[in-house]
Amino acid sequence: PAPEFHRSLRDLPNRQALECVEARIALEAEATDSLHLESVRWYHDILCRHEFQLTSGRSIFVKPDALCTFAFSREARHLFIEIDLGNASLPRMKEKLERYQLYQRSGAFSETYNSDRFALLVITTESNRMQRLANLLPHEQFAFTTRKRLTERTLLSTLAAKWSKDTLGGVL
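Residues numbered from 1 in each chain as written. Predicted model: local features only at pLDDT ≥ 70, side-chain atom pairs only at ≥ 80, totals over all residues. Heavy atoms only, no water.

## Observations regarding the packing of aromatic side chains
Then step 1. Counted by the stated rule, this structure contains 11 aromatic pairs.
Then step 2. By way of ring pairs, the aromatic residues Phe52, Phe80, Tyr100, Tyr103, Phe109, Tyr113 and Phe118 are connected into one cluster. (Phe/Tyr/Trp six-rings, centres within 6.5 Å; stacked < 30°, edge-to-face > 60°.)

Okay, structure coming up:
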């Protein structure tokens, strides 16, 4: 392969980290302006990774890019963040989403965070990719958006409206 191909592969972790920082800035800025949400804590990837075991003994590893915990109606809401640069195959992304489902069902999340449930926000590159990801494994706890939509400062108000109805899933 051409040298620029190798360079682009080496740059992926940096791009991922920068996108995560931009997501944090956008979410915190919107939370500051929101009457319903208050940003409580932000945990970078290394601080929110979790390995857990299923009753079958199988070990599962959940590696979000970040975890943002918000106060909403006097209750902590946990929002895992996945940054999708569009380089992972759809089967690989489906596997990742399935691990989050197992994390919830196994009780490992509840044990770790003393909370019943969480939401997952996948931030991706473009609308077509977002729709393909949303169709992989529809689930009420999974939400999908684009980087552009994140910067419009309306995402958290949409999340707050969905959280008040105890549902989140779909394209935002």
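## Points about helix α3 (residues 90-106)
Then step 1. Along its 17 residues, α3 runs 24 Å from first to last C-alpha, staying within 8% of the 24 Å computed at 1.5 Å per residue.
Then step 2. Listed in full, the buried residues belonging to α3 are Met93, Leu97, Tyr100, Gln101, Leu102, Tyr103 and Gln104.
Then step 3. Gly107 lies just past α3 and shows a positive phi near 90 degrees. (Helix = DSSP H or I, 4+ residues; strand = E, 2+ residues; numbered from the N terminus. Expected span 1.5 Å × (residues − 1). Buried < 20%, exposed > 50% of the residue type's maximum accessible area, 1.4 Å probe, protein only.)

## Some details on the pairing of strand β5 (residues 75-83)
Then step 1. Across the 9 residues that make up β5, a large majority, 7, are buried.
Then step 2. As paired elements, strand β4 (residues 66-72) and β5 share 7 bridges and run antiparallel to each other. Looking at β5, one finds that Ala66 is bridged to Ile81.
Then step 3. Connecting β4 to the antiparallel partner β5 that follows it, the hairpin turn spans 2 residues, and Ser73 within it adopts a positive phi of roughly 50 degrees.
Then step 4. By the bridge criterion, 6 bridges tie β5 to strand β6 (residues 118-124) in an arrangement that is parallel. Paired with Leu79 across the two strands is Ala119, which belongs to β6. (Pairing = 2+ DSSP bridges.)

## Side note on unusual backbone geometry
Then step 1. Unusually for a residue other than glycine, Asn114 sits at a positive phi of about 50 degrees.
Then step 2. Within the secondary structure, Asn114 sits in the loop between α4 (108-113) and β6.

## Some words on the pattern of salt bridges
Then step 1. If you walk through the whole model with that rule in mind, you get 7 salt bridges.
Then step 2. When the shortest N-O distance is used, the salt bridge between Glu19 and Arg147 registers 3.0 Å. Here Arg147 lies in helix α6 (residues 147-150) and Glu19 lies in helix α1 (residues 3-33), a separation of 128 residues in the sequence.
Then step 3. A relative accessible area of 37% means that Arg147 is categorised as partly exposed.
Then step 4. Between Lys96 and Glu82 there is a salt bridge; the shortest N-O distance is 3.2 Å. You can see Lys96 sitting in helix α3 and its partner Glu82 sitting in strand β5, a full 14 residues away along the chain.
Then step 5. The exposure class of Lys96 is partly exposed, given its relative accessible area of 22%.
Then step 6. A residue is classified by how much of its surface remains accessible, and Glu82, at 2% relative accessible area, is buried.
Then step 7. What you see here is one network of salt bridges that share partners, running through Glu19, Glu22 and Arg147. (Salt bridge = Lys/Arg side-chain N within 4 Å of Asp/Glu carboxyl O.)

Keep in mind that these numbers describe shape and distance, not what the molecule does.
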